[in-house]
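The primary structure of each chain is shown beneath.
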Amino acid sequence: MPALVLLGAQWGDEGKGKATDLLGGSVDYVVRYQGGNNAGHTVVVGDQKYALHLLPSGILSPGCTPVIGNGVVVDPSVLLSELSGLNERGVDTSKLLISGNAHVITPYNVTVDKVTERFLGKRKIGTTGRGIGPTYADKINRVGIRVQDLYDESILTQKVEAALDVKNQILTKLYNRRAIAVDQVVEELLGYAEQIRPYVADTVLVLNQALDENKVVLFEGGQGTLLDIDHGTYPFVTSSNPTAGGACTGAGVGPTKISRVIGILKAYTTRVGSGPFPTELFDEDGEALRRIGGERGVTTGRDRRCGWFDAVIARYATRVNGLTDFFLTKLDVLTGWEQIPVCVAYEIDGQRVEELPYSQTDFHHAKPVYETLPGWSEDITKAKSFSDLPKNAQNYVKALEEMSGAPISAIGVGPGRDETIEINSFL
Ligand code: GDP
Ligand code: IMO
Ligand code: MG
């Protein structure tokens, strides 16, 4: 079973970085397949803490080849500074491979992201401001710049010209901003080209050959299921497909190769940015989850919105991703609550609804229907097996598993690599 997908089952920040790093020691390749440096994946190894944005979390495992797939959007300046930051800390990054078909986040796309949000005012998405949406828009509009374009100055100039033709009209006439000069952009991008060249590869070929040789490939999602452009809470989503199918298109690997899809699921819920969130808490419980869980964005430093676990969302993630397993994270954060509410259904206009409503209007009106489970007060951070957990913590996990539709195969009880209870092996 060589190919596994690991993805966020909620609105991101579920602990994908930690889970990927945990498996990184046993896999040959870790592949990012969508998103860009909007991601913020925290990995704690011993007393060292790493915050990765664009690079796959497998970069911290010496035996593993990290890959940036064709579906990712790459900001070259962020890439180079992330690499040099790791090099300074003694991490060998020389094995990294980057798809020549990945799209480049250009400086004008970062500008467009920021001014569009400002223009939207109260209706803003609350993006990370990293140019993600405009870069994917250029890709779909067929005016994007790809990594391979950095190696042909004439093509690069033509493409930047084509993209800026329209964008400069929008920037100057609609947003009242200064036009961006083609030459300046081309010069900046060419300045990155030689530093990136050693990493550029035909990653589709590399990954398919690896799978043919029975190597183990792990696809690491950024963001989460509910931030998916097709299956998330549109328009309050990111502009790519973090869901399992995105691994196939974003890396060039057929669905028949994927044998396991692991959903990373926080024991409660968080969200950053705008958009509906039925179990969001505005009281001291929400404040306590934020404080105890350290729920502050790794990328933008924004406080995360916090709420109770939502089983409707977990069931939905199981369905749209074909999840085979869950990795439940941050169970330790819930220690100390006497009672823990869990959302089992919604009430929408007086009706009980068990599944995620497909209509945006209904989802905005959804009110959580809670069941309350008894909590525990014992420290669980040293637990190594399921039976080490207090009975009520065991029952909480079992209840979540029953409601969510896939087995919980691992439980996180702390941020460190070893603070994990493995129930079923992933490999
Ligand atoms: P990602 O974007 O899905 O990789 O998640 P983030 O790194 O943005 O946020 C998850 C946070 O929770 C990070 O600070 C992790 O170090 C931390 N974390 C991950 N798993 C656990 C866990 O089981 N318990 C605790 N207390 N923290 C965890
Ligand atoms: P990781 O990989 C949480 C959110 C933003 C915003 C929306 C669109 O760490 O889980 P974008 O900049 O992508 O156009 O913003 O998506 N968002 C995330 N929220 N975790 C992330 O990544 C996110 N990446 C984007 O806050 O609401
Ligand atoms: Mg994150």
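The rules behind these values
Residues numbered from 1 in each chain as written. Chains lettered and ligands numbered in written order. Predicted model: local features only at pLDDT ≥ 70, side-chain atom pairs only at ≥ 80, totals over all residues. Heavy atoms only, no water. Pairing = 2+ DSSP bridges. Helix = DSSP H or I, 4+ residues; strand = E, 2+ residues; numbered from the N terminus. Donors = N, O, S within 2.8 Å, 3.2 Å for Na, K, Ca; no water. Core = buried A, V, L, I, M, F, W, Y, C linked by side-chain atoms within 4.5 Å. Buried < 20%, exposed > 50% of the residue type's maximum accessible area, 1.4 Å probe, protein only. Contact = heavy atoms within 4.5 Å. Axes fitted to C-alpha atoms, helices over the stretch in contact; angles between N-to-C directions. Parallel < 35°, antiparallel > 145°, perpendicular 65-115°, else oblique. Left-handed = near helix turned anticlockwise from the far one by under 90°. Nonpolar A, V, L, I, M, F, W, Y, C, P; charged D, E, K, R; others polar. Near = heavy atom within 4 Å. Polar contact = N/O pair within 3.5 Å; in protein donor to acceptor, adjacent residues only side chain to side chain. Areas by Shrake-Rupley, 256 points an atom, 1.4 Å probe, with all protein chains shown as cover. Domains from an automatic or database assignment. Phe/Tyr/Trp six-rings, centres within 6.5 Å; stacked < 30°, edge-to-face > 60°. Lys NZ or Arg CZ within 6 Å of the ring centre and 35° of its normal. Salt bridge = Lys/Arg side-chain N within 4 Å of Asp/Glu carboxyl O.

Overall, mixed pairing links the 10 strands, which are arranged β9-β7-β5-β2-β10-β1-β11-β15-β19-β20 in an open sheet. Two strands close off the open sheet at either side, each with one partner strand: β9 (200–201) and β20 (420–422). Both strand β19 (residues 408–412) and β20 contribute to a ladder of 3 bridges, which runs antiparallel. Bridged to G412 within β20 is T420.

A separate point is the coordination of the magnesium ion (ligand 3). Only D13 (OD) and G40 (O) from the protein coordinate the magnesium ion (ligand 3), and they sit 2.0 to 2.1 Å from it. Here G40 lies in the loop between β2 (29–32) and β3 (41–45) and D13 lies in the loop between β1 (3–8) and α1 (16–24), a separation of 27 residues in the sequence.

Our focus in this paragraph is the nonpolar core. Judged by nonpolar contacts, the single largest core of 60 residues is most densely connected at F219, L289, L331, L334 and Y396. Tallying contributions element by element places helix α12 (residues 391–404) first for this core, with 6 residues. Residues in contact with F219, not counting those within four places in the same chain, are A3, L4, V5, L6, V31, Y33, A247, A251, V253 and I258.

Turning our eyes to something else, we now look at the packing of helix α3 (residues 107–120) against helix α4 (residues 132–141). In a packed pair of helices, the relevant descriptors are the angle between the two axes and the axis-to-axis distance. Two elements in contact, α3 and α4, have axes whose closest approach is 7 Å; the angle formed by their N-to-C orientations is 120°. In terms of orientation, α3 lies oblique with respect to α4. Where α3 crosses over α4, the two elements pack in a sense that is right-handed. Here Y108, N109, V112 and D113 of α3 come into contact with α4, specifically with I132, P134, T135 and D138. For the contact of α3 with α4, a count of residues per class yields 4 nonpolar, 2 polar and 2 charged.

With that settled, consider the site of ligand 2. Taken together, 20 residues lie around ligand 2, and K16, H41, T128, Q223 and T238 are the ones closest in. Residue K16 places a side-chain N or O atom 2.7 Å away from an oxygen atom belonging to ligand 2. Take V272: an N or O atom from its main chain is 3.1 Å from an oxygen atom of ligand 2. When the free accessible area of ligand 2 is taken as 550 Å², the share hidden by the protein chains comes to 97%. Residue composition of the shell around ligand 2, by class: 6 nonpolar, 11 polar and 3 charged. The two domains that each donate at least three residues to the shell around ligand 2 are domain 1 (3–91 + 202–422) and domain 2 (103–198).

Moving on to the packing of aromatic side chains. For the structure shown, the criterion picks out 6 aromatic pairs. Judged by centre distance (4.9 Å) and plane angle (80°), the rings of F119 and Y175 are edge-to-face. Of the two residues, F119 is situated in helix α3 and Y175 in the loop between α5 (153–174) and α6 (182–196); the sequence distance between them amounts to 56 residues. According to the relative accessible area criterion, F119 is partly exposed, its value standing at 49%. Of note, R89 hangs over the ring of Y50, and the distance from its end group to the ring centre comes to 4.1 Å.

Using the criterion set out here, one finds 17 salt bridges in the structure. Here K16 and E14 are joined by a salt bridge, their closest N and O atoms 2.9 Å apart. In terms of burial, K16 and E14 fall into one category: buried. Note that K167 and D138 form a salt bridge whose closest N and O atoms lie 2.7 Å from each other. Here K167 is found in helix α5, whereas its partner D138 is found in helix α4, with 29 residues between them in sequence. For K167, a relative accessible area of 10% translates into the label buried.

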